[in-house]
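# Remarks on the overall topology
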Amino acid sequence: MRITKMLGIKYPIFQGAMAQIALAPLVGAVSNAGGLGIIASGGFSAEQLREEIQKTKEITDKPFAVNLMLMMPNISELVDVIIEEGVKIVTTGAGTPAPYMETLKKHQIAVIPVVPSVKIAKKMEALGATAVVAEGTEAGGHVGETTTMSLLPQVVDAVSIPVIAAGGIANGRGIAAAYALGAQGVQVGTRFLTTVECPTHDNFKQAVVDATDTSTIVTGRSIGGPVRSIKNKMIQAYLELENQKASRDELEKLSLGSLRKAVFDGNIEEGSVMAGQICGMCNEITTVEEMITTMFIEAEEVLDQMTHLSLVEKELI
Ligand code: TUI
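This write-up is about the structure you can find in this document. These figures come from a predicted structure and were not determined experimentally.

### Structural notes on the nonpolar core
Counting 72 residues, the largest nonpolar core has I13, L49, F192 and I292 as the members making the most contacts within it. Per-element tally for this core: the top contributor is helix α14 (residues 288-313), with six residues. Other than its neighbours up to four places away in sequence, F192 contacts I13, F14, Q15, M18, L26, V30, C198, V288, M291 and I292. Listed in part, the 15 residues of the second largest apolar core include I3, L7, I89 and A166.

### Things to note about the pattern of salt bridges
Throughout the structure, instances matching the rule amount to eight salt bridges. With its nearest N and O atoms 2.9 Å apart, the salt bridge here joins K57 to E85. Separated by 28 residues along the polypeptide, K57 in helix α3 (residues 46-59) and E85 in the loop between α4 (75-84) and β4 (89-93) bring together distant segments of the chain. Note that E298 is salt-bridged to R173, the shortest N-O span being 3.7 Å. Taken together, the positions of E298 in helix α14 and R173 in helix α8 (residues 172-180) put the pair 125 residues apart, joining distant regions of the chain. Taking the relative accessible area as the measure of exposure, E298 reaches 23% and is therefore partly exposed. On the basis of relative accessibility, which here comes to 48%, the residue R173 falls in the partly exposed class.

Each value, and the rule that gives it
Residues numbered from 1 in each chain as written. Predicted model: local features only at pLDDT ≥ 70, side-chain atom pairs only at ≥ 80, totals over all residues. Heavy atoms only, no water. Core = buried A, V, L, I, M, F, W, Y, C linked by side-chain atoms within 4.5 Å. Buried < 20%, exposed > 50% of the residue type's maximum accessible area, 1.4 Å probe, protein only. Helix = DSSP H or I, 4+ residues; strand = E, 2+ residues; numbered from the N terminus. Contact = heavy atoms within 4.5 Å. Salt bridge = Lys/Arg side-chain N within 4 Å of Asp/Glu carboxyl O.

Without other data, these values stay purely geometric and don't point to any function.
Dropping the structure here:
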């Protein structure tokens, strides 16, 4: 069955669960526009998550999901809230959902882990995942090593559940490319940062609008937590510390609270502006609805064009 039918959504587009950003206003707008809005629960207490779920239900009566950032210490409390609130779709990232799988499945909750490799994709299928999101290293935030172009077809061939493509997708051409590589849909993060409904400080949006293809870099590899963000003063200092083989403590001191600093205070030089490599193409601020419908119209045009070219090449027209 197609992922759209399985989840009850119109367009096969997931909104990436960006920490501190993917809150009710953005999530509700995405679900109302026919995509899958996803609440980022990373950093939330159980009560904060409950409130965000309830706020989302006030904005939309369409399906939405909650993402579990598995590095957080309070996951089992968050799982309880998800069950109590009747959320039917969960995505996971930055770890394995194995300890929570049985409980989630028992409550008929679709579990869709984000995976950075074929090995982890297979592991998730064996655990009973409904689908997987194969995320290439082009993505923003916590990333793996393999690019979307290489990862996606290899994951598609390795599993028999639906695969959603993530990392480097911001327009209809990206969607068409993901389909060509065997994906059933896409997860998009960075392009949602330049929407009207994205609840960040305007400086944060402007940093994404101004960014180019070479604006991002990965830090944190030395401590086993690679994170992609837009280069700035803080990232420069972080890289210098990493080059000097600084300890995890020293590095964490620099990055502590940095996401909030950028997202809420608009301090884009000292804060963390997580974004993917496709930020160089996210130059326009539009509503979520306009963004999603434009992307799928463009994808269809590209796919029609490809069919046309193929017929021309076979000299059938
Ligand atoms: O999780 C993400 N991206 C994120 S989480 C995040 S919050 C954060 N804030 C500050 C510092 C660090 C993180 C920001 N961006 N993407 C999904 C993702 N999951 N990428 C890679 C993985 C992953 C990695 C290992 C998934 C599973 C895994 O191992 C599972 C296993 O079974 O070993």
